[in-house]
Amino acid sequence: MPVDLRLVRLRKEFPGHDGGPNVVAVNDVDLSIEKGTMVTLLGPSGCGKTTLLRMIAGFEEPTSGEIHFGDKRVDRLAPNVRDTAMVFQSYAIFPHLDVFENVAFGLRMKRVPEKSLGERVDRVLELVGLAGFERRSPSQLSGGQQQRVALARCIVLEPHVLLFDEPLSNLDAKLREQMRIEIRELQQRLGVTSVYVTHDQAEAMALSDLVVVMHAGTIMQVAAPQELYARPSSRFVADFIGKANFLTGTVLDRDTVEVAGARAQLSAAAPVATGEAVELVIRPEAVILEREPGEGARGVIERVVFLGNHAEYAVRLTSGDLIEAHQTNPAERGMFAVGAEVWVSTGPLHPLAPHR
C-alpha cells in the first residue's frame, strides 16, 4: 500500500516559562502511515499526542520538520486547504442548526451545489444511522447521536485524512464501547486514512491497525495491537499497555532463562549474553498457578480479588518477587485462598532490551 501520511523529523517547541528554555512537546518524530490505515496516538497526558495531531491538522505550526499527504507537502498550508477533517472531544456542533444543516455546513462553505449537497448529506446520515433525524435539533439528541452528527459532518467532506481528538471521552463507558465499534466499522468501510488520539489503552487496542505509543514527545513503539501487547519494546510500553509483571532473570542460552529458581522459555532471543541479567515481562493471564508441586517457582497467595469472570491474585515468590496472576472462570475452576501455597509457571517470558 502507498504511504498516505508521512511525518519527517517533526518537532514542536513552546516558549519556556518566564524566559526559561523552550519546552519540547514533540521531539523529531518520523512516522509513515499507509493509505486506509487507522492509527492511534496513545500515551499519558503531556506526551505530545494532541500537539502532533494539531500539527497534522494545521492548528499548530511545527518548529521544524515536514508533513506530507501522499506526494504533497502540506505543513506550510493553512488548515482549510489541507483536506483534513477533525472530530472533536466536545462534538462542536451548532446548537441553532438542525442535524441536516450541521452536516451540510462544511459543504455550504465549499459552495457545493444544492442537489449534490443534499445527496451527500442524506447518504452520510444513512451511513451513521441518523436517517430520519434530519430536522431534529442537537438538544433533542442523546450524547451518542450528537457524536454521530459530529462524525457525519467530517466524513461528508470526504477528507484525505480524518482526525479524531479523544472523541469518546465525554460518553459513558457502555456508549464508548458501542461508539468505538461503530467508528472502526465506518472507517474500514470508507477506507480513509485516520489518526486517532486517546489515553485509553482499551480504546486504542480495539480501534487500531497501528498504535503509536508516545512518551515525553517521543515515539516509543509503533506496532499492531497484538504485537504491542505481546512484544513491547521497553518497560514503559509494557507497563502502559495493560498489566504486566517484571522479573529479573539470568540468561542460560538465547532461548532459556533462569528466574526465581526455575527455568523458563523466552519468547524472543535474549538481548544480552549468556550469564548476564535480563529484565523480563509476563502478562498476568499467562501466569499459571498449580496446587501440586511442579517445575515452577514456589509461592504464596497474598491477595485475592474476585471479579466474576476472572480472579486476580498477588503471589509472593520465594525469591521475594511479587507477581500478579489472573485466572479465568474461577467459580468453575476453584479459587485459591490467601495463604495458600502454589507453584507458579508461565508461558514464554518476553525479554526487554537493556537501556543504552
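The coordinates are above.
Residues numbered from 1 in each chain as written. Predicted model: local features only at pLDDT ≥ 70, side-chain atom pairs only at ≥ 80, totals over all residues. Heavy atoms only, no water.

1. What to know about the side chain of Arg184
Within the fold, Arg184 resides in helix H5 (residues 173-190). Excluding anything up to four places from it in sequence, Arg184 contacts Met38, Ala206, Leu207, Ser208 and Asp209. (Helix = DSSP H or I, 4+ residues; strand = E, 2+ residues; numbered from the N terminus. Contact = heavy atoms within 4.5 Å.)

2. Description of H5
Along its 18 residues, H5 runs 26 Å from first to last C-alpha, staying within 8% of the 26 Å computed at 1.5 Å per residue. In this fold, the buried residues of H5 make contact with strand E3 (38-42), helix H3 (114-127), helix H4 (143-155), strand E7 (161-165), strand E8 (193-198) and helix H6 (201-207). A distance of 3.3 Å separates the backbone nitrogen of Lys174 from a side-chain oxygen at the start of H5, and that oxygen is part of Asp172. At the C-terminal side of H5, Gly191 shows a positive phi close to 70°. (Expected span 1.5 Å × (residues − 1). Polar contact = N/O pair within 3.5 Å; in protein donor to acceptor, adjacent residues only side chain to side chain.)

3. Examining the packing of aromatic side chains
Scanning the entire structure with this criterion turns up five aromatic pairs. Their ring planes at 20° and their centres at 6.5 Å tell us that Phe59 and Phe88 sit as a pair that is stacked. Residue Phe59 is located in the loop between helix H1 (49-57) and strand E4 (64-69), and its partner Phe88 is located in the loop between strand E6 (84-87) and helix H2 (99-109); the two are separated by 29 residues in the primary sequence. Phe59 sits in the partly exposed class, given a relative accessible area of 37%. (Phe/Tyr/Trp six-rings, centres within 6.5 Å; stacked < 30°, edge-to-face > 60°. Buried < 20%, exposed > 50% of the residue type's maximum accessible area, 1.4 Å probe, protein only.)

4. Remarks on the pattern of salt bridges
Enumeration over the complete set of coordinates arrives at 20 salt bridges. We note a salt bridge from Arg148 to Glu182, for which the minimum N-O separation is 2.8 Å. You can see Arg148 sitting in helix H4 and its partner Glu182 sitting in helix H5, a full 34 residues away along the chain. Within the structure, one salt-bridge network assembled from shared partners comprises Arg9, Arg11, Glu13 and Asp28. (Salt bridge = Lys/Arg side-chain N within 4 Å of Asp/Glu carboxyl O.)

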